[in-house]
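Now for the letters of each chain:
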Amino acid sequence: MKRKIAYCLPSLYIPGGMERVLTIKANYFAEELGYDIYIILTDGKKLTPFYPLSPKVHMIHLDINFNELWDKPLYKKTLIYMRKQRLYKKRLTRCLLEICPEITVSMLRREINFINSIHDGSVKIGEIHINKSNFRNLSEEKGASFIKNLLSRLWMKQLDRQLKKLSKFIILTEEDRKNFSYYLDNTTVIYNPLPFYPEQTSDCTAQEVIAVGRYTQQKGFDLLIEAWRIVAEKHPDWNLRIYGGGDRTEFLALKDKYHLKTLYLEEQTQNIIQKYCESSIFVLSSRYEGFGMVITEAMSCGVPPVSFTCPCGPRDIIHNNEDGLLVENGDIEQLAEKICYLIENDTIRKEMGRMAKINSKRFKIENISKEWEALFNHLLK
């Protein structure tokens, strides 16, 4: 059955995880399921989407330009934000009344503050793409003040009120669902889909360990480098390669400080499948995640993961001691120990890689789309 679905988010030109996942889903829904998909944007009108978008997906630019806020002082920022929010609600209301979607999806950005008050006839649902503890958490920013902490709490209370009004609220992991379930009864879990499931597979024989992600504090590469100091002493013939965008300065300094000749801080690559397949172990050292799609990517290439049990994602993805290894969150010595365990046990490493490839099939878009299709059908029956 053909469905008309509208998604609301700021932009598509940023190479973010939410933008990537939405593009994967929108393309599949439009191309394979024949859905009529609209993506309604507030920013980046003249900018090309970072991830290729199917010509069958409709993009609508409301031209609000919230990006104008960033370089303004707080008092001006507040006034401009309020004005732009009113404009956003007005234009989004008009847009929804014109295209008449059956379902409108908020990606939990600025529209979540008013989406439930738009009476266009569509069912309103929301998706969250980071775990609850780290969503809208200003208190973790450097130099966080009392005001920021207060704003963060007020922001979350306002969000909670809106989430209760949604027909359905989609969360990425069962682990994070528990953080909402004590006050929400409209939640469901649907995992992020894989962007690929390649025919090629790692044979897990190369003396290479891989990590992937932006060079930010969230990804915990400083913790991984500390762990690699221990691994490198025991296994100087193995390499660790980290691939990602962003500022590598802090991590290059750590590499030099510890004289780690087998650590390579690589730039982001367009050929990440090949890099996974050239590796034998994948490591996730993040302090937190929304889901941790890089774990499923590595597994789809037959590479067994070693991961911190950070909130949230790894516990939902990895079957410990079957297709990968879980490490107590933040435990650097245990992370090093588990990496060494896979290095030293060829048969176990290869078997875990084989199981990782098999078990990651559940994240293929063909399977994830069935869950979305069932949800849409249920909401519209």
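My aim in this report is to walk through the structure given alongside it, one point at a time. (Residues numbered from 1 in each chain as written. Predicted model: local features only at pLDDT ≥ 70, side-chain atom pairs only at ≥ 80, totals over all residues. Heavy atoms only, no water.)

## Remarks on the environment of isoleucine 37
Position of isoleucine 37 among the secondary structure elements: in strand E2 (residues 36–41). According to the relative accessible area criterion, isoleucine 37 is buried, its value standing at 0%. Sequence separation of isoleucine 37 and isoleucine 5 is 32 residues, and the distance between their C-alpha atoms is 5.1 Å. Discounting residues that sit within four places of it in the chain, isoleucine 37 has contacts with Ile5, Tyr7, Ala26, Phe29, Ala30, Lys56, Val57 and His58. (Helix = DSSP H or I, 4+ residues; strand = E, 2+ residues; numbered from the N terminus. Buried < 20%, exposed > 50% of the residue type's maximum accessible area, 1.4 Å probe, protein only. Contact = heavy atoms within 4.5 Å.)

## A short note on the nonpolar core
Within the largest apolar cluster, 57 residues are counted, with the highest numbers of intra-cluster contacts made by Ile37, Tyr276 and Phe282. No other element matches helix H1 (residues 17–31), which puts 8 residues into this core. Not counting chain neighbours up to four residues away, the residues in contact with phenylalanine 282 comprise Ile210, Ala211, Val212, Tyr276, Val294, Ile295, Ala298, Val303, Pro304, Pro305 and Val306. Residues Leu224, Ile225, Trp238 and Leu240 belong to the second largest nonpolar core, which totals 33 residues. (Core = buried A, V, L, I, M, F, W, Y, C linked by side-chain atoms within 4.5 Å.)

## Here's the deal with a positive patch on the surface
A surface patch of positive charge is lined by Arg153, Lys157, Arg161 and Lys165. Assignment of secondary structure puts lysine 165 in helix H3 (residues 146–165). (Patch = residues over 30% accessible without salt bridge, like charges linked within 9 Å, V, L, I, M, F, W, Y side chains within 5 Å. Areas by Shrake-Rupley, 256 points an atom, 1.4 Å probe, with all protein chains shown as cover. Salt bridge = Lys/Arg side-chain N within 4 Å of Asp/Glu carboxyl O. Lys, Arg positive; Asp, Glu negative; His and termini not counted. Charge placed at Lys NZ, Arg CZ, Asp CG, Glu CD.)

## Brief notes about the packing of helix H10 (residues 332–344) against helix H11 (residues 346–359)
Put simply, H10 and H11 touch, their axes get as near as 5 Å, and they point 100° apart. Taken together, H10 and H11 sit at an angle that is classed as roughly perpendicular. Across the interface between the two elements, Tyr341, Leu342, Ile343 and Glu344 of H10 pack against Asp346, Ile348, Arg349 and Met352 of H11. Across the contact of H10 with H11, the residue classes break down as 5 nonpolar, no polar and 3 charged. (Axes fitted to C-alpha atoms, helices over the stretch in contact; angles between N-to-C directions. Parallel < 35°, antiparallel > 145°, perpendicular 65-115°, else oblique. Nonpolar A, V, L, I, M, F, W, Y, C, P; charged D, E, K, R; others polar.)

## Let's talk about the environment of cysteine 340
Position of cysteine 340 among the secondary structure elements: in helix H10. In the structure, cysteine 340 is positioned 108 residues away from alanine 232 in sequence and 9.4 Å away in space, judged by C-alpha atoms. Residue contacts for cysteine 340: discarding those within four places in its chain leaves Val231, Lys234 and His235.

## Overview of unusual backbone geometry
Of note, the amide linkage connecting proline 311 to cysteine 312 takes the cis form, showing an omega dihedral of -5°. Phi angles above zero are rare outside glycine, and asparagine 321 is one such case at about 70°. Structurally, asparagine 321 can be placed in the loop between helix H9 (314–317) and strand E13 (325–327).

## Here we look at the packing of aromatic side chains
What the rule picks out here adds up to 18 aromatic pairs. Taken together, a centroid distance of 5.9 Å and an interplanar angle of 70° make the contact between phenylalanine 291 and phenylalanine 363 edge-to-face. One end of the pair, phenylalanine 291, is in the loop between strand E11 (281–284) and helix H8 (293–300); the other, phenylalanine 363, is in the loop between H11 and helix H12 (365–379), with 72 residues separating them in the sequence. For the pair formed by phenylalanine 291 and phenylalanine 363, the shared burial category is buried. Pairwise contacts between aromatic rings join Phe29, Tyr35, Trp372 and Phe376 into one cluster. When the ring centre of phenylalanine 180 is taken as origin, the NZ or CZ atom of lysine 132, which lies over that ring, is 5.7 Å away. A cation over an aromatic ring shows up here: arginine 229 above the ring of tyrosine 258, its NZ or CZ 3.9 Å from the ring centre. (Phe/Tyr/Trp six-rings, centres within 6.5 Å; stacked < 30°, edge-to-face > 60°. Lys NZ or Arg CZ within 6 Å of the ring centre and 35° of its normal.)

## As for helix H6 (residues 249–257)
Along H6, the residues classified as buried are Phe251, Leu254 and Lys255. Down the axis of H6, the buried side of the element spans an arc of 100°, and every buried residue falls inside it. Opposite the packed face of H6, turned more than 90 degrees from it, sit the exposed residues Thr249, Asp256 and Lys257. Summarising the contacts, the buried residues of H6 are in contact with helix H5 (221–234) and strand E10 (263–267). (Arc of directions from axis to C-beta.)

## A word on the sheet that holds strand E4 (residues 103–106)
One open sheet holds the 7 strands; their spatial order is E3-E2-E1-E4-E5-E6-E7, and the pairing between them is parallel. Every interior strand has two partners, whereas the edge strands, strand E3 (58–61) and strand E7 (187–189), have only one. Recorded for the sheet is a direction-independent mean angle of 25° between the axes of neighbouring strands. Judged from the 6 bridges that link them, strand E1 (residues 4–9) and E2 form a sheet pairing that is parallel. In the sheet register, isoleucine 5 faces E2, and the bridge partner there is isoleucine 37. Contacts from helix H4 (residues 174–181) reach strand E6 (168–171) and E7, with the element oriented near 175° to E7. (Pairing = 2+ DSSP bridges.)

## Things to note about the pattern of salt bridges
Inspection of the entire model under this criterion finds 17 salt bridges. Put simply, glutamate 68 and lysine 84 hold a salt bridge, and the shortest N to O gap is 3.3 Å. Here lysine 84 lies in helix H2 (residues 74–99) and glutamate 68 lies in the loop between E3 and H2, a separation of 16 residues in the sequence. A salt bridge links arginine 248 to glutamate 267, with the shortest nitrogen-to-oxygen separation between them at 3.3 Å. Of this pair, arginine 248 sits in the loop between strand E9 (239–244) and H6 while glutamate 267 sits in strand E10, placing them 19 residues apart in sequence. Judged by relative accessible area, arginine 248 falls into the partly exposed class, the value being 23%. Given a relative accessible area of 53%, glutamate 267 falls into the exposed group.

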